[in-house]
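So the chains spell out like this:
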Amino acid sequence: MLTLRERQINAIKQMLNLNSQQPKALAAEPVWKILIYDRVGQDIISPIISIKELRELGVTLHVQLHSDRDSIPDVPAIYFCLPTDENLDRIQQDFSNGLYDVYHLNFLAPITRSKIENLAAAALHAGCVANIHRVYDQYHQQSDQLSYYAINRANTRDEEMEALMDSIVDSLFALFVTLGNVPIIRCPRNSAAEMVARKLEKKLRENLWDARANLFHMDATQAGGGVFSFQRPVLLLLDRNMDLATPLHHTWSYQALVHDVLDLGLNLVYVEDETASAGARKKPKACDLDRNDRFWMTHKGSPFPTVAEAIQEELESYRNSEEEIKRLKTSMGIEGESDIAFSLVNDTTARLTNAVNSLPQLMEKKRLIDMHTKIATAILNFIKARRLDSFFEIEEKVMSKQTLDRPLLDLLRDGEFGQAEDKLRLYIIYFICAQQLPESEQERLKEALQAAGCDLTALAYVQRWKGIMNRSPSISQATQYEGGGTKTVSMFTKLVSQGSSFVMEGVKNLVVKRHNLPVTKITEQVMECRSNAETDDYLYLDPKLLKGGEVLPKNRAPFQDAVVFMVGGGNYIEYQNLVDFIKQKQTSNVQRRIIYGASTLTNARQFLKELSALGGEIQSPTATS
């Protein structure tokens, strides 16, 4: 059964195959073509199709739509962009200049009738109507910046909010067209998630009941039976306001750490090149973390110390293979012509041939080891400089209501304990998780934060948010934190014994105890269809029904598949928690799957900036426009 990613890749490959069904085996000589995209189109393609794969699909040139381009005759041009006025003007300009002989136009969202008529008029005027072979509304997810700040700012006009919600709805609609399934929608009432849910239900229903434009009645080869087999998935729409602590939480798993301290984006992370010559300016080096990286796929959810040990083991394995090749080369110099010597030479030759044949894989393994060593070293430097291991351990204790070893005030006053940003994140989590925090204690903690150089603007918004949450018992009950806590295991024995390049001195080898975050607890309850005070009041919308109730039907079978979407921004901490949860739920008879998505994927620094911007609006409302 195809995964969502595989279906996305197939949809893009079909587009690059000039929107004809891709043959089982690629032709020896592909049709050569040019790919022209805007920024959104590039962001969709770049994480899932490599330049090498584009070449194999016959794409000889890929360029930005708004760049200066020369005329290239006899080669089809594939456009992949949003149908914005700016983009359409540039396409019409290309028609007038006669840049290409054949045009295949693929738009990332539905194009309006008036725009398609204007495009047709421009083609007629340029005399290139016959050159336009296909015009398609492609349905792929867009990567618009739909931040928590944009959705929650106080002075957002109604039309701006409608546009934000429509953008999310268009992307979710595109997702389910790609999946080939119509979901059942669940979401909390009176939230941004409800706005998205009702708009999406309307859009799905209108499409389902439109016999001519129904996108869910594709032919069997195209649909592939849908990602989810016979059962329909549940789409759980949640609002970021349900949980502000998790996005600020310091983390301990590899992928989430890369995102938190190194700004992972579109599978790329930039690390300063330590090999630069003395005196030369260090340039950031791009590291590509994709599904073809076996080490990344295996260890991205592992605690950082486990990753450091795994890198060391991979390095030892590589060195052993290298030594084996060197030893085989040396042993080829056997003297004498006895039968034993001859058979030894034959045996060694065969082994050396196998070793030489494996050299490309060995070189790739070495490249990945070097890359992950570089990334892990950069993370380790951040952990030591900012005491990230201690912040993670303390926050886990706060969230699981354990007693701290040192009073929080002492930690905030300690000049050598982390950076101002880290202390502010810790305080906000402490403030959110505390049931009652006396005003006097709040003031002392704030004074310590100010002395540490913290910008307290974000606190004005967090205090208002907590006040609203306390007045909504059902919401606050659903978002009770239970943190797993941590335990410190024996220090890094493997790294010490193997003479590791990672100097882990002073870093705690923390093991996180298994626990569910608020989003995971709600997902479990919704998938199980259990009667529960937290989720009973959630809307239940079925786009396939012309008229239906908005409450969960009795005796509803549990869902095997779920799409969890966070309106207002998600993070890798929640993603990893859901991955760990669903692994535990797998049995030999039942395969369950969860797809996690969000309007944006923000790290703690970015989220803190958004909270500060919202807090600034509260403190000086007249200054904002």
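Analysis parameters
Just so you know, the residues in each chain are numbered from 1, in the order the chain's sequence is written. Totals for whole chains, interfaces and linings use every residue, but because this is a predicted model, local features are given only for residues with pLDDT of at least 70 and side-chain atom pairs only at 80 or more, for both listing and counting. Water and hydrogen atoms were dropped before computing side-chain values, which therefore reflect all heavy atoms in the structure. UniProt positions are given in the numbering used here, feature names are shortened, and annotations may be inferred rather than shown by experiment. Helix and strand definitions follow DSSP, with helices as H or I runs of at least four residues and strands as E runs of at least two, each counted in order from the N terminus. Buried, partly exposed and exposed residues are distinguished by accessible area as a fraction of the type maximum, computed with a 1.4 Å probe on protein chains only: under 20%, between the cut-offs, and over 50%, respectively. Whether two residues are in contact is decided by their heavy atoms: any pair within 4.5 Å suffices. In short, Shrake-Rupley with a 1.4 Å probe defines the accessible areas, and a residue's cover is counted only from the protein chains shown. Between Lys or Arg on one side and Asp or Glu on the other, a salt bridge is scored when a side-chain nitrogen of the former is within 4 Å of a carboxyl oxygen of the latter. Think of a 1 Å grid over the protein atoms and nothing else: a 1.4 Å probe that fits but is trapped marks a cavity, an open set flanked by protein within 12 Å on at least five of seven lines marks a pocket, and residues with an atom within 4 Å of a point count as lining. Grid points are joined across faces, edges and corners, and a volume is the space filled by probe spheres set on the points. Classification convention: Asp, Glu, Lys, Arg as charged; Ala, Val, Leu, Ile, Met, Phe, Trp, Tyr, Cys, Pro as nonpolar; all other residues, Gly among them, as polar. Boundaries between domains were set according to an automatic or database domain assignment. When two rings of Phe, Tyr or Trp (its six-membered ring) have centres within 6.5 Å they constitute a pair, described as stacked for plane angles under 30 degrees, edge-to-face for angles over 60, and tilted for the intermediate range. In this analysis, axes come from line fits to C-alpha atoms, helices being fitted only over the stretch in contact, and the angle between any two N-to-C directions falls in the range 0 to 180 degrees. An angle below 35 degrees is read as roughly parallel, one above 145 as roughly antiparallel, one from 65 to 115 as roughly perpendicular, and any other as oblique. We define the nonpolar core as a collection of buried residues of types Ala, Val, Leu, Ile, Met, Phe, Trp, Tyr and Cys that are connected through side-chain atoms lying within 4.5 Å of one another. When DSSP finds two or more bridges between a pair of strands, those strands are recorded as paired.

The name an unreviewed UniProt entry assigns to the chain is Protein sly1 homolog, from the organism Drosophila simulans. Database annotation for the chain, UniProt heading Sequence similarities (unreviewed entry): "Belongs to the STXBP/unc-18/SEC1 family." Under Function (unreviewed entry), UniProt gives the following word-for-word description of the chain: "Non-vital for development."

Asker: How should the overall build of the chain be read in this particular structure?
Answerer: Helices and strands together make up the secondary structure of the chain, namely 24 helices and 14 strands. Taken over 625 residues, the chain has a buried fraction of 51%. Across the chain, contacts joining residues at least 24 apart in sequence account for 79% of those joining residues at least 6 apart. Accessible surface, the chain: about 30,500 Å² in total, of which carbon and sulfur atoms supply 51%.

Asker: Got a minute to help me understand the pattern of salt bridges in this structure?
Answerer: Once the charged atoms of two side chains with opposite charge are near each other, the side chains can pair. Scanning the entire structure with this criterion turns up 37 salt bridges. In this structure, glutamate 117 engages arginine 113 in a salt bridge whose closest nitrogen and oxygen atoms are separated by 3.2 Å. Remark: arginine 113 and glutamate 117 occur in helix H5 (residues 113-126); sequence separation between them is four residues, near one turn of the helix. With relative accessibility at 44%, the residue glutamate 117 sits in the partly exposed group. Of the charged contacts in the structure, one is a salt bridge between aspartate 370 and lysine 366, with a shortest N-O distance of 2.8 Å. In this pair, aspartate 370 and lysine 366 both sit in helix H14 (residues 359-386), four residues apart, roughly one turn of the helix. Ionic contacts of the salt-bridge type, sharing partners, join the residues Asp260, Asp263, Arg386, Glu421, Asp422, Arg425 and Arg605 into one network.

Asker: Explanation requested: empty space enclosed by the protein in the structure shown.
Answerer: Where empty space is left in the structure can be found by rolling a water-sized probe over the atoms. One pass over the structure, following the stated rule, counts two cavities of 30 Å³ or more. Considering only enclosed or pocket space, the largest cavity measures out at about 80 Å³ in volume. Of all elements in the fold, only helix H10 (254-262) and helix H23 (572-585) reach the threshold of two or more residues within the lining of the largest cavity. Top contributing element to the lining of the largest cavity by residue count: H10, with three residues. By residue class, the composition of the lining of the largest cavity is five nonpolar, six polar and one charged. Split by domain, the residues of the lining of the largest cavity number at least three in each of domain 2 (143-243 + 517-617) and domain 3 (254-330 + 348-386).

Asker: I would appreciate a short explanation of the packing of aromatic side chains in the present structure.
Answerer: The relation between two aromatic rings is expressed through the spacing of the ring centres and the mutual angle of the planes. Counted under the stated rule, the structure contains 12 aromatic pairs. When the centroid spacing of 4.9 Å and the interplanar angle of 80° are considered together, the rings of phenylalanine 95 and tyrosine 103 count as edge-to-face. Its relative accessible area of 1% is what places phenylalanine 95 among the buried residues. For tyrosine 103, a relative accessible area of 0% corresponds to the buried category. On the basis of an interplanar angle of 85° and a centroid distance of 6.2 Å, the ring pair of tyrosine 572 and tyrosine 575 is categorised as edge-to-face.

Asker: Explanation requested: the packing of helix H17 (residues 420-433) against helix H24 (residues 604-619) in the structure shown.
Answerer: Helix packing for two helices is described by the angle between their axes and how far apart those axes are. Interhelical geometry of H17 versus H24 gives an angle of 70° and a closest axis separation of 11 Å. Considered as vectors, H17 and H24 are oriented roughly perpendicular to each other. In this structure, H17 contributes Glu421, Leu424, Arg425 and Ile428 to the contact, and H24 contributes Ala604, Arg605 and Leu608. For the contact of H17 with H24, the class distribution of residues is four nonpolar, no polar and three charged.

Asker: Sorry if this is basic, but what is going on with the environment of isoleucine 34 here?
Answerer: Mapped onto the fold, isoleucine 34 is located in strand E1 (residues 33-37). Excluding its chain neighbours within four sequence positions, the residues that come into contact with isoleucine 34 are Leu61, Ile72, Val75, Pro76, Ala77, Ile78 and Tyr100.

Asker: I'm lost on the nonpolar core in this one. Help?
Answerer: Membership of the largest hydrophobic core comes to 54 residues, with the highest contact counts inside it found for Leu238, Val258, Leu262, Ile375 and Ile379. If you tally residues by element for this core, the top one is H14, at eight residues. Both of domain 2 (143-243 + 517-617) and domain 3 (254-330 + 348-386) provide at least three residues apiece to this core. In terms of nonpolar packing, the next biggest core, distinct from the first, is built from 39 residues, Met399, Tyr427, Phe431 and Ala448 among them.

Asker: Help me understand the pairing of strand E3 (residues 76-81) in this model?
Answerer: Put simply, side chains in a regular strand alternate between the two faces of the sheet. Burial within E3 is extensive, with six of its six residues counted as buried. Burial along E3 is two-sided: Pro76, Ile78 and Phe80 facing one way and Ala77, Tyr79 and Cys81 facing the other are all buried. Alignment of E1 against E3, held across four bridges, turns out to be parallel. Residue pairing across strands places isoleucine 36 opposite tyrosine 79, the latter belonging to E3. Alignment of E3 against strand E4 (residues 102-107), held across six bridges, turns out to be parallel. Paired with isoleucine 78 across the two strands is histidine 104, which belongs to E4.

Asker: Which parts of the structure should I look at to understand the sheet that holds strand E6 (residues 184-187)?
Answerer: Strand order in the open sheet formed by five strands is E12-E6-E7-E13-E14, and the pairing between neighbours is mixed. Edge positions in the sheet fall to strand E12 (539-541) and strand E14 (593-598), since each of these pairs with one other strand and no more. Taking each pair of neighbouring strands and ignoring which way they run, the sheet shows an average axis angle of 20°. Across the sheet, helix H22 (residues 518-528) lies against E6, strand E7 (234-239), strand E13 (561-567) and E14, angled at about 145° from E7, the strand it touches most.

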